[in-house]
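Working through the structure, step by step
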Amino acid sequence: MAEKILAEKNLVVRHSAIELIEHWAIAISGLILLLTGIFELPVGKRYYIITLPGLGWSADYITSLYLHYAAALVFTAAGIFHLVYHGVLGEKGMIPQKGDVVKSIAVMKSFIGIGKEPPMHKYLPEQRLAYVGMAFIILMLVLSGLVKTYKNIYAPDMSYTVLLWATWIHNSFFVLFFLAFLAHMAAIALRPNWPMVRGIFTGRVRLDYARHRHTLWLADIEKIVAVPAVTVPATASSATEAELMPEPQTLTEEESLSVVKEVPVETNDEAANQKITSDRSE
Amino acid sequence: MEEHKLSHISRRSFLKISAGTALLTAVSLPKTSLARTGEKLSTLIDLSLCDGCVDREMPACVSACKTIHNDKVPQVIENIPEPWPRKTIEDWSKKKDVFNRLTPYNFIYIHKAVINVKGQHTALYIPRRCMHCDNPACATICPFSANHKNKNGAVVIDQDLCFGGAKCKDVCPWEIPQRQSGVGIYLHVLPGLMGNGVMYKCDLCNDRLSQGKLPGCIEECPRQAMLIGPRKDIEARAEERARQMNGYIYGKKENGGTSTLYVSPVSFELIGKTMTKQPGQPDMQPDVKRRMADTDPLGKAVLAAPALGLAAAGTAGALKWFSRRKELTNRVKDNG
């Protein structure tokens, strides 16, 4: 994982190139799937979409199917890649943690001025919850889509019961996917989340933002840098709120920069190093 | 009346052309049911035998079909909701008697083709209905799977699930399914915005087949111009008849293959020329392509996508693992 602090540029590397490619492959193919999925409904002619410039093909179901398949190829492959790649490497930063529901409520309350945000890891608690929701939606869409594709090519006379399940799962989760996409956009629209947006384009976010909001994440990185690796405890990544709560925002810019190094400290201890790598990938 | 006469003269000409084979095979063929639920079935329509029931007010097959199916269409509501924004309403409930085209109340009709064969004008009568394609886009592409191909080959629309969007009609090369607005599930959802009725077409009398009965059209044909049976038998019989009459087969390759085989002493190219595709009146172009077949290679790639993702993850994961290991080894060396 390329996660590191670039102090002189006031940036933190938040996402690796592979993660950016995964996100955008799924996002762009997902949007194409959404659009061509809508065009697989008889809406092109009825709603005069065919009269819109560039959308004359919207009532041609076979053209939509081509695009749907092309996007599904990317979407499915990227989704499986994501699961297997990060699963094998043990990167669990987006898996919900205990107390995420309560914390995410606190975060949302803070958006409307009630209370303060709890200190956060690399991902917000609601991001972790949303991730699981979105992953489940995508999984169901992919599985049901594969059944439908198999039917289209090899088995138009497949079990009607299986087909009806696949069809209605696909249709229902299509609606959920659309709603989840809207929720994702709504989350981006919230002002406190704006600094994270650049991260998904460039892979980097502002250091001062991260230090202010993602205290636990920064602490993890800095702990790895600051503490001799051989003594890193097994729970290094799980720094508690109590340990880190003492006014993390009170660090001055100077203080912040003073602990920042671009070269990560490693150790001869392979086990500890693996732990470090795993922690950073969160 | 004159036409009638012409058709009879023409019929005799055909029998001459096919050396009388059509009549002989008709006699030798049993009309009895070969239909067994679950077995792949096909139908054969022998155009050398069909005379369009010109002596009847309504062809026997059409009449039988109407008797069986007309009552199945539910009562159409009085004020059919106007769809928005395109305000197309298709209401055949007051024209149930129409039988010269396909409608929601008429699943089979007879096209009369007058063709010049070797200088003689002759009439062929061609029953037209759903072909029950082997891989029917009308069914596979239905967004609600309201249309489904059964194991026995019958392509059946479930009128309780159909929203009447007419997508099946758009993707059918013959535009067979017909819409009746003002009936169906859409009335209970968002009638003004979504759906517009129910699509209707021949279902090969699937209910009757499951009861061991013949489809109505086949049972009532007075000239045994239509047969139904196990697919292989019907294909063999169609080949045999075509060979005997030095004729042609339609439906074997068309749209990727169908469960309906027409056998004719006249080429379907000539027959096709007598037809102009009009609403409810399909044409009969030979070798009509199954458009969805072109998407199959990409669909197969989609089916392979999980393996592709897995392989990519394995490769990327292995590279990462090796690079980490290399890095560690170097550090160990550096640290002495």
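Residues numbered from 1 in each chain as written. Chains lettered and ligands numbered in written order. Predicted model: local features only at pLDDT ≥ 70, side-chain atom pairs only at ≥ 80, totals over all residues. Heavy atoms only, no water.

Within chain B, the regular secondary structure consists of 10 helices and 10 strands. Here chain B holds 336 residues, and 53% of them are scored as buried. Sequence-distant contacts, at least 24 apart, represent 67% of the contacts inside chain B between residues at least 6 apart. (Helix = DSSP H or I, 4+ residues; strand = E, 2+ residues; numbered from the N terminus. Buried < 20%, exposed > 50% of the residue type's maximum accessible area, 1.4 Å probe, protein only. Contact = heavy atoms within 4.5 Å.)

Residue and element names in this part refer to chain A. As summarised here, the arrangement of the three strands in space is β1-β2-β3, forming an open sheet in which the pairing is antiparallel. The open sheet has two free edges, formed respectively by β1 (5-6) and β3 (204-206), since each of these has just one partner strand. The sheet contact formed by strand β2 (residues 11-13) and β3 spans three bridges and is antiparallel. Across the sheet, residue Val13 finds its bridge partner in β3, namely Arg204. The strands touched by helix α6 (residues 194-202) within the sheet are β2 and β3, with β3 carrying the most contacts at an inclination of about 155°. (Pairing = 2+ DSSP bridges. Axes fitted to C-alpha atoms, helices over the stretch in contact; angles between N-to-C directions.)

Residue and element names in this part refer to chain A. Evaluation of the coordinates by the stated rule reveals 14 aromatic pairs over all chains. Ring centres of Phe39 and Trp57 lie 5.2 Å apart, and the angle between their planes is 80°; this geometry places the pair in the edge-to-face category. Taken as a pair, Phe39 in helix α1 (residues 17-39) and Trp57 in the loop between α1 and α2 (61-88) lie far apart in primary sequence, 18 residues in all. The exposure class of Phe39 is buried, given its relative accessible area of 3%. Aromatic pair Phe75 and Phe177: ring centres 5.9 Å apart, planes at 85°, arrangement edge-to-face. (Phe/Tyr/Trp six-rings, centres within 6.5 Å; stacked < 30°, edge-to-face > 60°.)

Below, the discussion takes up the environment of Gln281 of chain B. All names here are of chain B. Here Gln281 shows up in the loop between α9 (268-273) and α10 (296-334). What makes Gln281 partly exposed here is its relative accessible area of 22%. In sequence terms Gln281 and Arg101 are 180 residues apart; their C-alpha atoms lie 5.5 Å from each other. Apart from residues no more than four positions distant in its own chain, Gln281 is found in contact with Asn100, Arg101, Tyr109 and Thr276.

This part is about the nonpolar core. Counting 94 residues, the largest nonpolar core has Ile126, Tyr262 and Ile271 of chain B as the members making the most contacts within it. No other element matches α2 of chain A, which puts eight residues into this core. Aside from chain neighbours lying at most four places away, what touches Ile271 of chain B is Leu47, Ile115, Leu124, Ile126, Ser264, Val266 and Met284 of chain B. Counting residues in hydrophobic clusters, the runner-up holds 14 residues, among them Ile5, Met196, Leu218 and Ile221 of chain A. (Core = buried A, V, L, I, M, F, W, Y, C linked by side-chain atoms within 4.5 Å.)

Before going further, it helps to examine the packing of helix α4 (residues 125-153) of chain A against helix α5 (residues 160-189) of chain A. Residue and element names in this part refer to chain A. Their axes nearest at 8 Å, the elements α4 and α5 cross at an angle of 145°. Relative to α5, α4 is oriented so that their crossing is left-handed. Of α5, the residues touching α4 (which contributes Met134, Phe136, Ile137, Ile138, Met140, Leu141, Ser144, Gly145, Val147, Lys148 and Lys151) are Val162, Leu163, Ala166, Thr167, Ile169, His170, Phe173, Phe174, Leu176, Phe177, Ala180 and Phe181. Here the contact of α4 with α5 is composed, by residue class, of 17 nonpolar, four polar and two charged. (Left-handed = near helix turned anticlockwise from the far one by under 90°. Nonpolar A, V, L, I, M, F, W, Y, C, P; charged D, E, K, R; others polar.)

Before going further, it helps to examine the interface of chain B and chain A. Across the boundary between the two partners, chain B contributes 60 residues, which contact 49 residues of chain A. For the pairing of chain B and chain A, the buried interface totals around 4,900 Å² over both sides, and the portion due to carbon and sulfur atoms is 64%. Among the residues chain B hides against chain A, the three largest losses belong to Arg86, His148 and Val302 of chain B. Together they make up 13% of the total. Applying the counting criterion to the chain B and chain A interface returns four salt bridges. Residues Asp157 of chain A and Lys40 of chain B are paired through a salt bridge, measuring 3.2 Å at the closest nitrogen-oxygen approach. Joining chain B to chain A, the criterion identifies 18 residue pairs in polar contact (both at pLDDT 80 or more). At the level of elements, β4 (147-149), α5 (167-171) and α10 of chain B are the ones that each hand at least two residues to the side of chain B that touches chain A. Looking at which element gives the most residues to the side of chain B that touches chain A, the answer is α10 of chain B, with 23 residues. (Buried area = accessible area lost by both parts, 1.4 Å probe. Salt bridge = Lys/Arg side-chain N within 4 Å of Asp/Glu carboxyl O. Polar contact = N/O pair within 3.5 Å; in protein donor to acceptor, adjacent residues only side chain to side chain.)

All names here are of chain A. Direction vectors running N to C along α1 and α6 enclose 100°, while the axes themselves pass 8 Å from each other. The angle between α1 and α6 places the two elements in the roughly perpendicular class. In this structure, α1 contributes Leu20, His23 and Trp24 to the contact, and α6 contributes Gly199, Ile200, Phe201 and Thr202. Partitioned by chemical class, the residues of the contact of α1 with α6 number four nonpolar, three polar and no charged. (Parallel < 35°, antiparallel > 145°, perpendicular 65-115°, else oblique.)

This paragraph deals with the pattern of salt bridges. A side chain with one charge can pair with a side chain of the opposite charge if their charged atoms come near. Residues and elements named next belong to chain B. Taken as a whole and judged by the stated rule, the model has 22 salt bridges over all chains. For Asp91, the salt bridge goes to Lys94, with nearest N and O atoms at 3.6 Å. Exposure remark for Lys94: the relative accessible area of 73% places this residue in the exposed category. Connected through shared salt-bridge partners, Asp134, Arg231 and Glu235 make up one network.

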